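# Survey of secondary and tertiary structure
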Amino acid sequence: MKKTYHGSCHCQAVRFVCSIDLDAGTSKCNCSFCGKLRFWKAFIGGDALQILAGADNLTQYQFGSKTITHSFCRTCGVKPFGQGNLEVMGGPFYAVNLSVLDDLSLEELLAAPLEYQDGLHDNWEEAPAEIRHL
Ligand SMILES: [Zn+2]
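Computed from a predicted structure; not experimentally measured. (Residues numbered from 1 in each chain as written. Predicted model: local features only at pLDDT ≥ 70, side-chain atom pairs only at ≥ 80, totals over all residues. Heavy atoms only, no water.)

## A closer look at the side chain of N97
Cut-off, in case you're wondering: Strands here mean DSSP runs of E at least two residues long; helices mean DSSP runs of H or I at least four residues long; both are numbered from the N terminus. For each residue, the accessible area found with a 1.4 Å probe, counting protein chains only, is set against the maximum for its type, and the residue is called buried under 20%, exposed over 50%, and partly exposed in between. By the criterion applied in these results, polar contacts are pairs of N or O atoms within 3.5 Å in which, for protein atoms, one can donate a hydrogen and the other can accept it, and in which residues neighboring in sequence qualify only through two side-chain atoms.
Tracing the backbone shows N97 in strand β9 (residues 91–97). Look at N97 and you get buried, because its relative accessible area is 10%. Only 2.8 Å separates the side chain of N97 from the backbone oxygen of K79, close enough to count as a polar contact.

In structure tokens form, the structure reads like this:
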């Protein structure tokens, strides 16, 4: 079931609201980028997130094929979300950092289905051989 969650960066400059169906699953990936962040995310549609404050305090990073734009607070460095527009994802999407959601309880987070992706080897359909560090 879709629920509304509020997220923020550490310094509170960036605040947003989004709608997530956690039953639809969350994911962690071992790619060169997610691996460094230990990024635990949920994918939502491009119309399911609204920035409430601090859009001008976000800075962007892209790498590789540059299909994903990673947004960071330029003050505190926290990454609230990434975004992209891919056919395989059904068009525009956000990858929300579940760690920045202020009204997501630990119980809810731990109850959500979790999948792993072997992004490091471009093998997005399968889990990596090692997942304990993610
Ligand atoms: Zn911040």
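## Regarding the pattern of salt bridges
The line we're drawing: Just to be clear on terms, a salt bridge is a Lys or Arg side-chain nitrogen sitting within 4 Å of an Asp or Glu carboxyl oxygen.
What the rule picks out here adds up to 2 salt bridges. A salt bridge links E108 to K3; the nearest nitrogen and oxygen atoms lie 3.0 Å apart. Of the two residues, E108 is situated in helix α2 (residues 106–111) and K3 in strand β1 (residues 3–8); the sequence distance between them amounts to 105 residues. The salt bridge involving R132 is made with E130; its shortest N-O contact spans 2.7 Å. The partly exposed category is assigned to E130, whose relative accessible area is 32%.

All we've got here are geometric facts, nothing functional implied.
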